[in-house]
Amino acid sequence: TQRFEGKVILITGAASGLGLATAQRLATEGAKLALVDLTPEGLAAAVRSLPAGSETVTVAADVAQLSQVQAYVAQTLQRFGRIDGFFNNAGIEGRQNLTEDFGAEEFHRVISVNLDGVFFGMAEVLKVMRRQGHGAIVNCASVGGIRGVGHQSGYAASKHGVVGLTRNSAVEYGQFGIQINAIAPGAIMTPMVEASLRQMGGEDWESVGKTFVEPNPMRRFGKPEEVAALTAFLLSGEAQFINGTVIEIDGGQSNK
Ligand code: NAD
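These numbers come from a predicted model, not from an experiment.

Trainee: Quick question: what am I supposed to make of the site of the ligand here?
Mentor: In the region of the ligand, 28 residues are neighbours, and G13, S16, G17, G91 and M192 sit closest. Mapped by element, the contributors of at least two residues to the shell around the ligand are α1 (17–28), α5 (104–132) and α7 (191–201). Looking at side-chain class alone, the shell around the ligand contains 15 nonpolar, 11 polar and 2 charged residues. For the shell around the ligand, the domains that each give at least three residues are domain 1 (8–186 + 226–247) and domain 2 (189–221).

What follows is the structure, given as structure tokens:
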């Protein structure tokens, strides 16, 4: 039997990058998927990329708005009746800037998606998982949520916050059969990273990318499928004694 046969997995930010790769991986392993992203068009394209016959529900929602988070949880339950796993992944990078130039508005914009969004999602999904008496949550942090990267005040604060929320809730919910972990990806080649390389390098963004990965022991960007494999493991039921951890997936770049 497949690892995710009969399991219901909810994924935010499912129309692109790490969320999409995880949806594709889990669909091939038999999961029923609730997919959340900003636009119906993005979600429709994501569903088209899944194996034929995949069972899905899609919900267009902004994770920064509590009422929309409540709506995506309600629609998942309406369709599938439960939530076995949750990849709490939607996030934005924000503009790169020195701390003094970062700006209050940009700071709060990044915090509201990356930190409010993750907190709202966990809080609503945990109500469901506690009733069920089981569940697994993977929050998407970043290596920028563990150490300083620079020029990322909003992102750094939000991702360090995601790590804190993960550790705090893991202590509370282990007794209810629920595991809560975070992943901390390094540079993974997704549309988000390509956009920020283009912002730095314009037409020449690929050579900027090369200099970017030179210090990485593996001399390359990570692939979304590699992150999907880790997330799948953490949500699969094979990882039930892993709780409250933050797993780095960065080719060893942070191993200084
Ligand atoms: P991406 O931009 O390719 O995908 C993110 C998806 O989230 C998009 O489809 C976007 O529409 C959606 N989204 C953004 N704001 C949203 C909102 N308010 N409500 C609902 N959906 C929203 O980016 P990605 O690289 O796949 O990033 C996914 C997660 O991984 C993010 O949390 C990001 O911070 C984290 N991350 C990525 C990397 C990397 O190198 N790619 C590294 C570390 C962490």
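Trainee: Help me out: how do you make sense of the sheet that holds strand β5 (residues 135–140) in this one?
Mentor: Strand pairing in a sheet relies on backbone hydrogen bonds. The paired strands run either parallel or antiparallel. Taken together, 7 strands build an open sheet; the order of strands is β3-β2-β1-β4-β5-β6-β7 and the sheet is parallel. Looking at strand neighbours, the two that pair on one side only are β3 (56–60) and β7 (246–249), the edges of this open sheet. Pairs of neighbouring strands in the sheet enclose a mean axial angle of 15°, with direction left out of account. Docked against the sheet, α1 engages β1 (8–12), β2 (32–37), β4 (85–88) and β5, running at close to 165° with respect to β1. On top of the sheet, helix α6 (residues 153–173) reaches β5, β6 (178–185) and β7; it is set at about 160° to β6, its chief contact.

Trainee: How should the domain arrangement of the protein be read in this particular structure?
Mentor: Much of the literature gives interface size as the accessible area that the parts lose upon coming together. With domains assigned, the protein is organised as domain 1 (8–186 + 226–247) and domain 2 (189–221). Computed over C-alpha atoms, the centres of domain 1 and domain 2 are 24 Å apart. Facing 4 residues of domain 1, the contacting portion of domain 2 comprises 4 residues. Here the residues of the side of domain 1 that touches domain 2 are counted per class, giving 1 nonpolar, 2 polar and 1 charged.

Trainee: Sorry, what's going on with α6 here?
Mentor: Owing to its 3.6 residues per turn, the α-helix aligns residues three or four sequence positions apart on the same side. Taking 1.5 Å per residue, 21 residues should reach 30 Å; α6 reaches 30 Å between its end C-alpha atoms and fits that length. Taken residue by residue, α6 has S153, G154, Y155, A156, S158, K159, V162, L165, T166, S169, A170 and Y173 as its buried positions. Buried-residue contacts for α6 involve α4 (99–102), α5, β5, β6 and β7.

Trainee: Got a minute to help me understand the environment of A44 in this structure?
Mentor: Following the sequence through the fold, A44 ends up in helix α2 (residues 40–48). Taking the C-alpha atoms as reference, A44 lies 8.4 Å from A15; in sequence the two are 29 residues apart.

Trainee: It is not clear to me how the confidence of the model for the protein should be interpreted in this structure. Could you clarify?
Mentor: Fine structural detail should not be taken from predicted coordinates in areas where pLDDT scores are low. With 100% of its residues at a pLDDT of 70 or more, the protein has an overall mean of 97. Both scores are given for the predicted complex: the pTM is 0.98, the ipTM 0.99.

Trainee: Could you clarify how one ought to interpret the pairing of β5 in this entry?
Mentor: β5 sits mainly inside the fold: 6 of its 6 residues count as buried. The alternating pattern of β5 places G135, I137 and N139 and A136, V138 and C140 on opposite faces, both of which are buried. In this view, the connection linking β5 to its parallel neighbour β6 by way of α6 has right-handed handedness.

What counts and what doesn't
- Residues numbered from 1 in each chain as written.
- Predicted model: local features only at pLDDT ≥ 70, side-chain atom pairs only at ≥ 80, totals over all residues.
- Near = placed C-beta within 6 Å.
- Helix = DSSP H or I, 4+ residues; strand = E, 2+ residues; numbered from the N terminus.
- Nonpolar A, V, L, I, M, F, W, Y, C, P; charged D, E, K, R; others polar.
- Domains from an automatic or database assignment.
- Pairing = 2+ DSSP bridges.
- Axes fitted to C-alpha atoms, helices over the stretch in contact; angles between N-to-C directions.
- Contact = placed C-beta atoms within 7 Å.
- Expected span 1.5 Å × (residues − 1).
- Buried ≥ 20, exposed ≤ 12 C-beta atoms within 10 Å, placed from the backbone.
- pLDDT = per-residue confidence, 0-100.
- Right-handed = clockwise from strand over helix to strand, strands pointing away.

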